[in-house]
Amino acid sequence: MPDTRHTVRRTTRQTPDVRQTPDVRQTPAVRHTPKAPTRAQRLAAGDRIDAHRHDEHQIVYAGSGVLAVTTDAGIWFAPGTRAIWVPAGTVHAHRAHGHLELHLVGLPADDNPLGLDAPTVLTVGPLLRELIRAYTRDPEDTGPERRRLLAVLRDQLRASPQQPLVLPTPADPRLAAVCALVHADPAEPRTLAELGAATGTGERTLSRLFRGEFGMTFPQWRTQSRLYHALRMLADGLPVTTVAHRCGWSSASAFIDVFRRSFGCTPGTHQRGD
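Residues numbered from 1 in each chain as written. Predicted model: local features only at pLDDT ≥ 70, side-chain atom pairs only at ≥ 80, totals over all residues. Heavy atoms only, no water.

**Some words on the environment of Tyr135**
Then, in step 1: Locating Tyr135 in the fold gives a position in helix α1 (residues 126-135).
Then, in step 2: Overall, the relative accessible area of 8% leaves Tyr135 in the buried class.
Then, in step 3: In the structure, Tyr135 is positioned 12 residues away from Arg147 in sequence and 9.2 Å away in space, judged by C-alpha atoms.
Then, in step 4: Apart from residues lying up to four places away in sequence, Tyr135 is in contact with Thr38, Val105, Arg146, Leu149, Leu150 and Leu153. (Helix = DSSP H or I, 4+ residues; strand = E, 2+ residues; numbered from the N terminus. Buried < 20%, exposed > 50% of the residue type's maximum accessible area, 1.4 Å probe, protein only. Contact = heavy atoms within 4.5 Å.)

Structure (structure tokens):
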């Protein structure tokens, strides 16, 4: 059998600079692992699995911690109530925020129960969560019970709502300049007009670029950015109130409300792993 293990790169840097979305196209060597592995493994905070691709689809789920999957199109991020669908052939890299309990499920290229051809974040309910955990517990098992388990898992995938939890990579340098300012300080209070004045681009032009490139408004994108930073800070163990203020929410209650609507749980519940 081919070796489907990935090299995990350790790093002591817990809070990487994300002022620009990492671009996996700049990685000098992209590993090609034809078969997408099915397994469970643990990653320490800050660990990375460098850019690679499979000839099969893969479901990536973090039972604990926060998972970030990076492609040349952006960063998809997911706490324990979400999973990430990675289509066959997609060059991608993983990053662990907090101690990560990683579950990987590989599916053949002709087995696409979701009909998706781009990375997508999916809602993971209690049943799907337990199915993923059970299916990755013993990857060498080929018995009928495990095949039935996969059939139910596929049915649950089809019923999983999709979530827009992604930070797209900006192509236009004017858009990239504004995104860099917001990423550098999640609590950045300036309006789009003020950020445009600081970077030399008009508000209307920037508004058009946000909709054209990202398919979302500036406020929607900034909320995505703040949620990403908030998940990383929560994974590092910062208190909920501290995270709320560092990420630009006016109060802890406002942060909790947005977090609950985005992830289906409160920041405290997520942080405790309940």
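That was the structure; now back to the text.
**Brief notes about the confidence of the model for the protein chain**
Then, in step 1: Across the protein chain, the average pLDDT comes to 87, with 89% of residues at or above 70.
Then, in step 2: Here residues 11-27 is modelled with pLDDT under 50, and outside its nearest four sequence neighbours on either side it reaches 43 contacts, counting other chains as well. (pLDDT = per-residue confidence, 0-100.)

**Concerning helix α6 (residues 218-235)**
Then, in step 1: In this model α6 runs 26 Å from its N-terminal to its C-terminal C-alpha over 18 residues, within 8% of the 26 Å that 1.5 Å per residue would give.
Then, in step 2: For α6, the buried fraction is high: 14 of the 18 residues fall into the buried class. (Expected span 1.5 Å × (residues − 1).)

**What about the nonpolar core?**
Then, in step 1: Core analysis: the largest hydrophobic core is formed by 51 residues, its most contacted members being Phe210, Trp221 and Phe255.
Then, in step 2: Here this core gets eight residues from one element, more than from any other, and that element is α6.
Then, in step 3: Listed in part, the 17 residues of the second largest apolar core include Val105, Leu114, Val124 and Leu157. (Core = buried A, V, L, I, M, F, W, Y, C linked by side-chain atoms within 4.5 Å.)

**Considering the packing of aromatic side chains**
Then, in step 1: Applying the stated criterion across every chain, the model contains nine aromatic pairs.
Then, in step 2: Here the aromatic rings of Phe210 and Phe214 are separated by 5.7 Å at their centres, their planes lie at 75°, and the arrangement is edge-to-face. You can see Phe210 and its partner Phe214 sitting in helix α5 (residues 203-214), four residues apart, about one turn around the helix. One exposure class covers both Phe210 and Phe214, and it is buried.
Then, in step 3: Seen in terms of ring centroids, Phe210 and Trp221 are 5.6 Å apart; in terms of plane orientation they differ by 50°. Their pairing is tilted. Linking Phe210 in helix α5 with Trp221 in helix α6, this pair joins segments that are 11 residues apart in sequence.
Then, in step 4: Of the residues examined, Trp221 reaches a relative accessible area of 1% and is grouped as buried. (Phe/Tyr/Trp six-rings, centres within 6.5 Å; stacked < 30°, edge-to-face > 60°.)

**Quick word on the environment of His57**
Then, in step 1: Among the secondary structure elements, His57 is positioned in strand β5 (residues 57-62).
Then, in step 2: Note: C-alpha distance between His57 and Ala88 (31 residues apart in sequence) is 4.3 Å.
Then, in step 3: Those residues in contact with His57 that sit more than four places away from it in its chain are Ala36, Trp85, Val86, Pro87, Ala88, Val105, Gly106, Leu107, Pro108, Ala109, Asp111 and Asn112.
Then, in step 4: Side-chain polar atoms of His57 contact the backbone oxygen of Ala109, separated by 3.0 Å. (Polar contact = N/O pair within 3.5 Å; in protein donor to acceptor, adjacent residues only side chain to side chain.)

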